[in-house]
Structures are given as C-alpha cells and as structure tokens.
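Overview (structure and organization)
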Amino acid sequence: MHEVIEKLKSATEGSKYEGRLYLVGGIVRDRRLALPPDEDIDIVLEGEAAELAAFLFKRNVADFPPVTYPRFGTAMVVIDGKQVELVGARKESYDPTSRKPSTQRGSLLDDVLRRDFTINTMAISLNAGSYGMLIDPFDGTGDLERKIIRTPLDPDITFSDDPLRMMRAVRFATQLGFQIEDETLKAIARNRERIRIVSGERIAEELHKIIL
C-alpha cells in the first residue's frame, strides 16, 4: 500500500497536481488505529479526477485505462494491482427520494464535511513540503481515542441525506468496539423510516458486515 502512495506522490511532483492531493477515508482511520488497511485507497484532489486518472495512465503509473464516473466527479485506476479511487473535491446535495447526491466542485473542507463520521473525515497531505501532515478539522483523532462514532454535521441531516449511514454507524461500532455518540444514536432512531429509500442489496451488504 505504501508503495502505491509513493508512486502517486512521485508521479505528480512537478505537475499541476502537486500540492492538490490528499489521502482520505478508511485508510487514514486505520493507520491511526494501527490496523491493517482493508479498504481501497481514496485520494481527494482539488481538480478533475478524470484528468488526473488519464495523466496517471499516460505516465504508465496506472495498470489499465481508467474508469470514470462523470456524474460524481470520480475515477478509478489500478496501480500495482491496488484499486485507487480519485475524487474531485466536491459539495453534495440530496433529493429526499434518493441517497444519490447531486455534486458540484468544492474545496477539501467541503469534501470532508460531506463524509459520514468524524473518524472518516481525516486527510493526509501527499504534497511536497507537507507530506504526511494530518488534516483533522472535526477532531477525528480525538474520537478515535474516545472510541466514539459521531457525525461531522447535524446527525439528522447526515442520516436523512443518506440513510445507509445509520447502518454504517452500527457497523463501525461493532467492527471497532466503539460507542455511538448519544445524539447520533437518537438521530438514528428518529430517522429509521428513511432506510426505506435504500435498496435491499445495500441493506443486506451492511447487515452482513455487522453480523461478521
């Protein structure tokens, strides 16, 4: 995993992407917990993900031509056999009948703010001069130490926007041995009926992970 990150850093040095890449999500959380990473690598950039993916393939860093998802501003590349998701920093808004967001370009702070729980909002800079620096605007580190699951936004907004996050809260609590923060837990109870807009397949997937 470390080798893939080093390849990304080296490939973008001196390019227009230098100074704009951040490692985010589960891999950052698991590093802070000294756990072996079991998730794909997620990179947020301040720019267009599809352009960066094409750049990496052209530089012979990516194993295969990239797969892009223009609606969500994301792209997927494979580097040394590892999947790397590239995400253009974005804001999200939701239709009440769907958990699929509409997106628009945003800042790094906008991007971490849209995430589910504070323990998943931390980012690590891949930029020259600040390589390895932790960016933690919502005290995810503190919540890891306290073993707390809580949302960076009002939990009613977080769970109404994407009700699957309610099951993810339970999943992370069971996987990590954490407690769901009181207001977050109450919001799950208040918003429980929202789970009806989530597909049966996604519910079953989260339930399977909880049971395991």
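In what follows, the structure referred to is the one given above.
What counts as what
- Residues numbered from 1 in each chain as written.
- Predicted model: local features only at pLDDT ≥ 70, side-chain atom pairs only at ≥ 80, totals over all residues.
- Heavy atoms only, no water.
- Axes fitted to C-alpha atoms, helices over the stretch in contact; angles between N-to-C directions.
- Helix = DSSP H or I, 4+ residues; strand = E, 2+ residues; numbered from the N terminus.
- Parallel < 35°, antiparallel > 145°, perpendicular 65-115°, else oblique.
- Left-handed = near helix turned anticlockwise from the far one by under 90°.
- Contact = heavy atoms within 4.5 Å.
- Nonpolar A, V, L, I, M, F, W, Y, C, P; charged D, E, K, R; others polar.
- Buried < 20%, exposed > 50% of the residue type's maximum accessible area, 1.4 Å probe, protein only.

1. Side note on the packing of helix α7 (residues 164–176) against helix α9 (residues 200–211)
Here α7 crosses α9 at 15 degrees, and the two axes come no closer than 9 Å. Our classification of the angle between α7 and α9 gives roughly parallel. Handedness of the α7/α9 crossing: left-handed. Of the residues in α9, those touching α7 at L164, M167, R168, V170, R171 and T174 are R202, I203, E206, L207, K209 and I210. Looking at the contact of α7 with α9 residue by residue, the classes come out as six nonpolar, one polar and five charged.

2. Remarks on unusual backbone geometry
Its identity is not glycine, yet A34 carries a phi of approximately 60 degrees, on the positive side. The residue A34 is located in the loop between α2 (26–32) and β2 (41–45) in this model. Under the relative-accessibility criterion, A34 is labelled exposed at 69%. Even without being glycine, D139 reaches a positive phi, approximately 55 degrees. Within the element layout of this structure, D139 appears in the loop between β9 (134–135) and α5 (140–146).

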